[in-house]
Amino acid sequence: LSLIGGDRQASRSELRKLALYAQGKDRVTLDDVFAVVADASALAIDGLVDAAFAGRAPDTEVQFTKALAAGTSTGTIVSAALRHVIQLHKARLAIDAGDAGSAMIGFIPPIHFSRKPLVDAALNIWTAHRLERAMENLAEAAHEIRKLRTPIDGLAEPIAQRALLSIASSARRRAA
């Protein structure tokens, strides 16, 4: 439901496509939605970012490749990671201040139920200081990507991938 936008005709078209894709199945799964619904790309980026901050490097690699194959730009990916680290930092500060109850409900937009386990894992792994460093590294990666003359010169992908895998590696070291 969160993927249905303001354009009713486009939404109906996406629902028809999903119904056709899932025809004969007993139920429609989130994987079905990812496979056919155009706006599911935002959820795919969320999966990538969640995997990185939870320290799941192999999942980060797979999700990064899927996002690129879906046509998502590296700038969009790094921007999503920056927005996420800001939200995590805000939540981590709330937890550190003793307000753990409002940490998860403070995310805008709200965290989808399917993402909660990975977001919880990230909040348990990362400190506010380490999130600030991750924020700086992502901002630097975003700046480097924007400085490139053309996005297809081959450097944007490794810059974004390195930044996300660095986050996953850092999270994994802390979780161990």
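You'll find the structure just up there.
Residues numbered from 1 in each chain as written. Predicted model: local features only at pLDDT ≥ 70, side-chain atom pairs only at ≥ 80, totals over all residues. Heavy atoms only, no water.

1. Observations concerning the overall build of the chain
Part 1 of the reasoning: Secondary structure summary: the chain contains nine helices and zero strands in total.
Part 2 of the reasoning: In the chain, the succession of α and β elements from N to C terminus is α-α-α-α-α-α-α-α-α.
Part 3 of the reasoning: Taking all 176 residues of the chain together, 39% fall into the buried category.
Part 4 of the reasoning: Of the contacts made within the chain by residues no fewer than 6 positions apart, 65% connect residues no fewer than 24 positions apart. (Helix = DSSP H or I, 4+ residues; strand = E, 2+ residues; numbered from the N terminus. Buried < 20%, exposed > 50% of the residue type's maximum accessible area, 1.4 Å probe, protein only. Contact = heavy atoms within 4.5 Å.)

2. Some details on the side chain of Arg-92
Part 1 of the reasoning: Along the chain, the position of Arg-92 falls in helix 5 (residues 74–96).
Part 2 of the reasoning: At 2.9 Å, the side chain of Arg-92 forms a polar contact with the side chain of Asp-96.
Part 3 of the reasoning: Setting aside chain neighbours within four positions, we find Arg-92 in contact with Leu-123, Asn-124, Trp-126, Thr-127, Ala-128 and Leu-131. (Polar contact = N/O pair within 3.5 Å; in protein donor to acceptor, adjacent residues only side chain to side chain.)

3. Remarks on the environment of Ser-102
Part 1 of the reasoning: Its location among the elements puts Ser-102 in helix 6 (residues 100–103).
Part 2 of the reasoning: In sequence terms Ser-102 and Ala-91 are eleven residues apart; their C-alpha atoms lie 7.7 Å from each other.

4. Thoughts on the nonpolar core
Part 1 of the reasoning: Among the nonpolar cores identified, the biggest contains 39 residues, and Phe-53, Leu-88, Trp-126 and Leu-138 are the most heavily contacted of them.
Part 2 of the reasoning: When residues in this core are grouped by element, the largest group, nine residues, is from helix 5.
Part 3 of the reasoning: Not counting chain neighbours up to four residues away, the residues in contact with Phe-53 comprise Ala-81, His-84, Val-85, Leu-88, Ala-122, Ile-125, Trp-126, Leu-131, Ala-134, Leu-138, Ile-167 and Ala-171. (Core = buried A, V, L, I, M, F, W, Y, C linked by side-chain atoms within 4.5 Å.)

5. Some details on the packing of helix 5 against helix 8 (residues 128–147)
Each pair of packed helices gets described by two things: the angle between the helix axes and the distance between those axes.
Part 1 of the reasoning: One way to put it is that helix 5 packs onto helix 8 with a least axis distance of 9 Å and a crossing angle of 165°. Comparing their axes, helix 8 and helix 5 come out roughly antiparallel. The two elements helix 5 and helix 8 cross, and the hand of that crossing is left-handed. Residues Thr-74, Gly-75, Val-78, Ala-81, Leu-82, Val-85, Ile-86, Leu-88, His-89, Arg-92, Leu-93 and Asp-96 of helix 5 pack against Ala-128, Leu-131, Glu-132, Ala-134, Met-135, Leu-138, Ala-139, Ala-141, Ala-142 and Ile-145 of helix 8. (Axes fitted to C-alpha atoms, helices over the stretch in contact; angles between N-to-C directions. Parallel < 35°, antiparallel > 145°, perpendicular 65-115°, else oblique. Left-handed = near helix turned anticlockwise from the far one by under 90°.)

6. Concerning the pattern of salt bridges
Part 1 of the reasoning: Under the counting rule described, the total for this entry stands at four salt bridges.
Part 2 of the reasoning: As a salt-bridge pair, Arg-92 and Asp-96 come within 2.9 Å of each other at their nearest N and O atoms. Placement of the pair is Arg-92 and Asp-96 together in helix 5, with a separation of four residues, close to one helical turn.
Part 3 of the reasoning: The exposure class assigned to Asp-96 is partly exposed, which follows from its relative accessible area of 49%.
Part 4 of the reasoning: Salt-bridge contacts for Lys-147 lead to Glu-144; the nearest nitrogen and oxygen are separated by 3.2 Å. Taken together, the residues span about one helical turn, with Lys-147 and Glu-144 both in helix 8 at a distance of three residues.
Part 5 of the reasoning: Overlapping salt bridges bring together Asp-46, Asp-50 and Arg-115 as one network. (Salt bridge = Lys/Arg side-chain N within 4 Å of Asp/Glu carboxyl O.)

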